[in-house]
Amino acid sequence: MKVLVIGAGNMGLTYAEGMSKSKLLKKRNIMVLDKSEEKMEELSQISHFDAFSELGDCVPKADIIFIAVKPYHAETVFKAIKGFVKPEQIIISIMAGVTISTIKDITGLSKVIRAMPNLPAQIGKGLTSYVTSPEVSRIEMLTVESLLDTTGKSVRVSNENLIDASTGISGSGPAYVFYFMQSMMEAALQMGFSKTDSTVLVSQTFTGAVELFNQSNLSPNSWMEKVASKGGTTRAALDSMEDNNVNELIKEAAFAAFSRAVELGKEN
Ligand SMILES: NC(=O)c1ccc[n+]([C@@H]2O[C@H](COP(=O)([O-])OP(=O)(O)OC[C@H]3O[C@@H](n4cnc5c(N)ncnc54)[C@H](OP(=O)(O)O)[C@@H]3O)[C@@H](O)[C@H]2O)c1
């Protein structure tokens with residue numbers, strides 16, 4: 001199997017590296033193309049991928065074409081590859097807001113996967129949600145899933161609306177965590193901790209809590225109940241969050257990202 005990644009930016013290279021490290025594919029079976037010849041020249045010196053700058057040299061050789069350019073470059077790329085594609089090829093797009101029907105209409109391909117990754121993919125801890133067009137067989141779907149899993153975990157969803165929804169949860173989600181971390185670090189600084197200590201206090205608290213959660217079958221609510229005793233310190237903090245409706249505000253934020261993903265899809 002040969003995979004071609006179009007767009008050697010943050011995400012394109014993240015997936016190329018992930019696939020390469022996983023040993024699912026032989027290194028020479030990962031092809032990468034970017035429009036910048038200089039970048040490709042550089043990449044061919046430092047990486048183990050086959051680097052290309054001409055579509056005609058790599059698109060016909062690929063079984064799977066992975067598109068990782070910005071959404072506003074999508075149409076140009078689709079039109080450019082149209083002359084080189086074959087019906088049996090599978091196309092995976094990670095571009096926000098670019099729908100399966102757009103991809104089918106412009107490329108003429110029918111085996112389409114639309115996926116939504118998130119930032120921790122860069123360290124192999126990502127979450128990619130994906131949806132397949134009906135023309136993708138089960139075996140092909142499992143193959144694609146194993147490729148997506150090389151950057152973390154994947155979740156298959158049943159329709160494209162849930163891809164937009166996952167943008168509001170896992171796609172934009174790392175920023176919500178950073179927001180919470182920032183607030184806690186600011187509180188720690190105001191309490192008198194140094195910047196270094198504030199960072200360690202908060203970072204290790206997040207890591208520890210998430211690990212605890214992952215290693216148990218308990219819900220976040222159950223963990224909160226375990227930690228918060230009546231009249232205690234944690235209860236005081238949780239009561240303050242409840243009084244200020246933080247739970248509702250977080251949900252509202254996630255829905256704002258979801259709505260924006262839908263809007264961006266319409267604009268595209
Ligand atoms: N970063 C994330 O966390 C994240 C999360 C979810 C989804 N995504 C999606 O992932 C996609 C890629 O994002 P990114 O952050 O990796 O972008 P990026 O770093 O800008 O990478 C895109 C690369 O594609 C190149 N390119 C543009 N037009 C091209 C063409 N016609 N042919 C070949 N290469 C071309 C760009 O070159 P130039 O720089 O010269 O234009 C750039 O090197 C986006 O569509 C985004 O919606 C990203």
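For the structure, check the block above.
Quick caveat: nothing in here was measured; it's all calculated off a predicted structure.

Enquirer: Would you mind showing me how to read the pairing of strand β1 (residues 3-6) here?
Expert: When a strand is regular, its side chains alternate between the sheet's two faces. In β1, alternate side chains face the same way, and those of V3 and V5 on one face and L4 and I6 on the other are all buried. Relative to strand β2 (residues 30-33), β1 runs parallel, the two being bridged by four bridges. Counterpart to I6 in the pairing with β2 is L33. Tracing the backbone out of β1, into helix α1 (residues 10-22) and back to the parallel element β2 gives a crossover that is right-handed. Summarising the sheet, β1 and strand β4 (residues 64-67) pair through four bridges and their orientation is parallel. Looking across to β4, one finds that V3 is bridged to I64.

Enquirer: Any chance you could explain the site of the ligand here in plain terms?
Expert: Inspection of the region around the ligand gives 21 residues, with N10, M11, D34, K39 and V69 positioned closest. The separation between an oxygen atom of the ligand and a polar side-chain atom of K39 is 2.4 Å. For the ligand, an oxygen atom lies 2.6 Å from a polar atom in the backbone of V69. Within the complex, the protein chains bury 78% of what would otherwise be the 900 Å² of accessible surface of the ligand.

Enquirer: I'm lost on helix α5 (residues 100-107) in this one. Help?
Expert: Given 3.6 residues to a turn, an α-helix orients residues that are three or four positions apart in the same direction. Those residues of α5 not exposed but buried are I100, I103, I106 and T107. Seen end-on, α5 carries its buried residues on one side only, within an arc spanning 145 degrees. As for α5, its buried residues are in contact with α4 (74-82), β5 (90-93), β6 (111-116), β7 (126-132) and α7 (160-171).

Enquirer: When you look at the sheet that holds strand β8 (residues 152-156) in this model, what are you seeing that I'm missing?
Expert: Hydrogen bonds between backbone atoms are what pair the strands of a sheet, whose relative direction is either parallel or antiparallel. Taking strand neighbours across the sheet as the criterion, the eight strands line up as β3-β2-β1-β4-β5-β6-β7-β8 in an open arrangement whose pairing is mixed. Pairing within the sheet leaves two strands with one partner each, and these edge strands are β3 (50-52) and β8. Looking at each pair of strands side by side, their axes are set apart by 25 degrees on average, direction ignored. Bridging between β4 and β5 involves four bridges; their strand directions are parallel. Opposite F66, over in β5, you have I92 as the bridge partner.

Enquirer: Explain the environment of D197 here, please?
Expert: Looking at the secondary structure, you find D197 in helix α9 (residues 195-214). In the structure, D197 is positioned 12 residues away from M185 in sequence and 9.2 Å away in space, judged by C-alpha atoms.

Enquirer: Looking at this structure, how should I read a negative patch on the surface?
Expert: Taken together, E37, E38, E41, E42, E54 and D57 make up a surface patch of like negative charges. No other element matches the four residues that helix α2 (residues 37-46) contributes to the negative patch. Here E37 is to be found in helix α2.

Enquirer: Honestly, the packing of aromatic side chains in this entry has me stumped. Any pointers?
Expert: Each aromatic ring pair is specified by the distance between its two centres and by the angle formed by the two planes. Going through the model one piece at a time under the given rule, you end up with three aromatic pairs. Geometrically, the ring pair formed by F180 and F206 is edge-to-face, given 6.1 Å between the ring centres and 70 degrees between the ring planes. With F180 in helix α8 (residues 173-191) and F206 in helix α9, this pair connects stretches of sequence that are 26 residues apart. When the centroid spacing of 6.2 Å and the interplanar angle of 40 degrees are considered together, the rings of F255 and F258 count as tilted. With F255 and F258 both in helix α12 (residues 246-267) and three residues apart, the pair spans about one turn of that helix. A residue is classified by how much of its surface remains accessible, and F255, at 53% relative accessible area, is exposed.

Enquirer: I'm lost on the pattern of salt bridges in this one. Help?
Expert: Charged atoms that come close allow side chains of opposite charge to pair. Scanning the model with the defined rule gives 12 salt bridges in all. We note a salt bridge from D50 to R28, for which the minimum N-O separation is 2.2 Å. Residue D50 is located in strand β3, and its partner R28 is located in the loop between α1 and β2; the two are separated by 22 residues in the primary sequence. Here R114 ties to D164 by a salt bridge, and the two come within 3.3 Å at their closest N and O atoms.

Enquirer: Explanation requested: the nonpolar core in the structure shown.
Expert: Generally speaking, soluble globular proteins have nonpolar side chains that are buried together. By size, the foremost hydrophobic cluster in this structure holds 29 residues, and its most contacted members are L4, I6, I65, I67, F78, I81 and I91. Those elements that place two or more of their residues in this core are β1, β2, α3 (55-58), β4, α4, α5 and β6. At four residues, α4 tops the list of elements feeding residues into this core. Apart from the residues lying within four places of it in its own chain, the contact partners of L4 are M31, V32, L33, C58, V59, A62, I64, I65 and F66. Ranked by size, the runner-up nonpolar core spans 27 residues in total, among them Y15, M19, I64 and A115.

What counts as what
- Residues numbered from 1 in each chain as written.
- Predicted model: local features only at pLDDT ≥ 70, side-chain atom pairs only at ≥ 80, totals over all residues.
- Heavy atoms only, no water.
- Buried < 20%, exposed > 50% of the residue type's maximum accessible area, 1.4 Å probe, protein only.
- Helix = DSSP H or I, 4+ residues; strand = E, 2+ residues; numbered from the N terminus.
- Pairing = 2+ DSSP bridges.
- Right-handed = clockwise from strand over helix to strand, strands pointing away.
- Near = heavy atom within 4 Å.
- Polar contact = N/O pair within 3.5 Å; in protein donor to acceptor, adjacent residues only side chain to side chain.
- Areas by Shrake-Rupley, 256 points an atom, 1.4 Å probe, with all protein chains shown as cover.
- Arc of directions from axis to C-beta.
- Contact = heavy atoms within 4.5 Å.
- Axes fitted to C-alpha atoms, helices over the stretch in contact; angles between N-to-C directions.
- Patch = residues over 30% accessible without salt bridge, like charges linked within 9 Å, V, L, I, M, F, W, Y side chains within 5 Å.
- Salt bridge = Lys/Arg side-chain N within 4 Å of Asp/Glu carboxyl O.
- Lys, Arg positive; Asp, Glu negative; His and termini not counted.
- Charge placed at Lys NZ, Arg CZ, Asp CG, Glu CD.
- Phe/Tyr/Trp six-rings, centres within 6.5 Å; stacked < 30°, edge-to-face > 60°.
- Core = buried A, V, L, I, M, F, W, Y, C linked by side-chain atoms within 4.5 Å.

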